[in-house]
Amino acid sequence: MLKVICYIFPLVIYLFAKEPISPIPLNIKVNIEKADLGKELFFDTILSKNNTISCHTCHLLNQGGVDNLQFSVGIDGKLGNINAPTVLNSIFNFVQFWDGRAKNLHQQVFGPVTNPVEMDNNFENLITKLNKTDYKNKFESIYKDGITKNNIADAIAEYEKTLITPNAPFDRYLRGDKNAISDEVKQGYILFKTQGCIACHHGINIGGNLYAKFGIVSELKSKSKGRYEVTKNELDEYYFKVPTLRNIELTAPYLHDGRIDNLEDTVKFMAHYQLGKSLNEDEVQKIVLFLKSLTGQLYNHE
């Protein structure tokens, strides 16, 4: 019963809200010194055990914050088992990772560094390495206790806060520029709402603010059991954090297991399995045009 309420509640918000989607702010408040340090770490392979993998390896900023692979390749060519979510606009997610195992960006940093198929490192080793480099002075100029596990995460998280993509055509439309999108895109947005997509994809990130079951109307098979793998509660089986739809045209392949490589088929798939609907080609194309209007411009914090 609780799961049903959690799923229907966004619809109630939609029915009474002026607009169920909010534009991304044009800027964001950050600590510039920490963000600059975090940026350097984000692009540095020193984070990995053998100096081959950086955060940017799997989250390429010029490719929508992903690597466009079904499963990312980590240290020593090891293959992951879940599609890398975009790092862009992740500050607006209510939790991090598909299964929500990290409460915020700070906690999220710990995962990839220590994951044996990603960076396969530990923080004791990483801190030792960093203290032998220029990072020692850089950390000590910002943090009184120098290089620590929490300070590493704090700096990277501060930089990741800046990875927002404001000024998408649809955001400009929401801000009052009625010519920012075409009539077909507007029709696609209406379809997106009336067909029910908005029930899970709403808010500033058009997703990222609730869990939803994978296969609501028709049962689906998935190797990952989503939230259940964190809670071990059977009621959480196949519940995943709803992904953001921002910059979605850049982040193929789609879904938590990267099973679909194009937006058109993804829209049809989601309509069938999540909404119990069959969309015609014109409806699909208009919704896809709306989704493409969600591509924004990477914010520059400097």
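Data block above holds the structure.
Note that this is a predicted model, so its numbers are computed, not measured.

Draft legend 1. Just the overall build of the chain, in detail. On a plain count of helices and strands, the chain comes out with 12 helices and two strands. Helices and strands in the chain line up, N terminus first, as α-α-α-α-α-α-α-α-α-β-α-β-α-α. Over its C-alpha trace the chain gives a radius of gyration of 20 Å, about what one expects of a compact globule, namely 19 Å for 302 residues. The buried share of the chain, taken over its 302 residues, is 50%. Taking the intrachain contacts of the chain between residues at least 6 apart in sequence as the baseline, contacts between residues at least 24 apart amount to 68%. Total accessible area on the chain stands at roughly 14600 Å², and carbon and sulfur atoms take up 53% of it.

Draft legend 2. Structural view of helix α2 (residues 32–42). Among the residues of α2, those classed as buried are A35, L37, G38, L41 and F42. Buried residues of α2, seen end-on, are gathered within an arc of 165° and therefore sit on one face of the element. Tucked inside the fold, the buried residues of α2 contact α3 (55–58), α5 (123–130), α6 (135–140) and α7 (149–161). The backbone nitrogen of E33 has a side-chain oxygen 3.1 Å away, supplied by the residue at the start of α2, namely N31.

Draft legend 3. Spotlight on the nonpolar core. Core analysis: the biggest nonpolar cluster contains 33 residues, and F170, F192, F290 and L291 have the highest contact counts within it. Elements with a contribution of two residues or more to this core: α8 (169–174), α9 (183–194), α11 (263–275) and α12 (281–292). In terms of nonpolar packing, the next biggest core, distinct from the first, is built from 28 residues, L37, F110, V113 and I147 among them.

Draft legend 4. Representation of the packing of α11 against α12 in the model. Between α11 and α12, the least distance of the axes is 9 Å, while the angle of their chain directions is 115°. Comparing the axis directions of α11 and α12 gives the class roughly perpendicular. In this structure, α11 crosses over α12, and the sense of that crossing is right-handed. Side by side, α11 and α12 meet where L263, E264, V267 and K268 of the first sit next to E281, V284, Q285, I287, V288, L291 and K292 of the second. Along the lines of polarity and charge, the residues of the contact of α11 with α12 split into six nonpolar, one polar and four charged.

Conventions and cut-offs
Residues numbered from 1 in each chain as written. Predicted model: local features only at pLDDT ≥ 70, side-chain atom pairs only at ≥ 80, totals over all residues. Heavy atoms only, no water. Helix = DSSP H or I, 4+ residues; strand = E, 2+ residues; numbered from the N terminus. Rg over C-alpha atoms; globule rule 2.2 N^0.38 Å. Buried < 20%, exposed > 50% of the residue type's maximum accessible area, 1.4 Å probe, protein only. Contact = heavy atoms within 4.5 Å. Areas by Shrake-Rupley, 256 points an atom, 1.4 Å probe, with all protein chains shown as cover. Arc of directions from axis to C-beta. Polar contact = N/O pair within 3.5 Å; in protein donor to acceptor, adjacent residues only side chain to side chain. Core = buried A, V, L, I, M, F, W, Y, C linked by side-chain atoms within 4.5 Å. Axes fitted to C-alpha atoms, helices over the stretch in contact; angles between N-to-C directions. Parallel < 35°, antiparallel > 145°, perpendicular 65-115°, else oblique. Left-handed = near helix turned anticlockwise from the far one by under 90°. Nonpolar A, V, L, I, M, F, W, Y, C, P; charged D, E, K, R; others polar.

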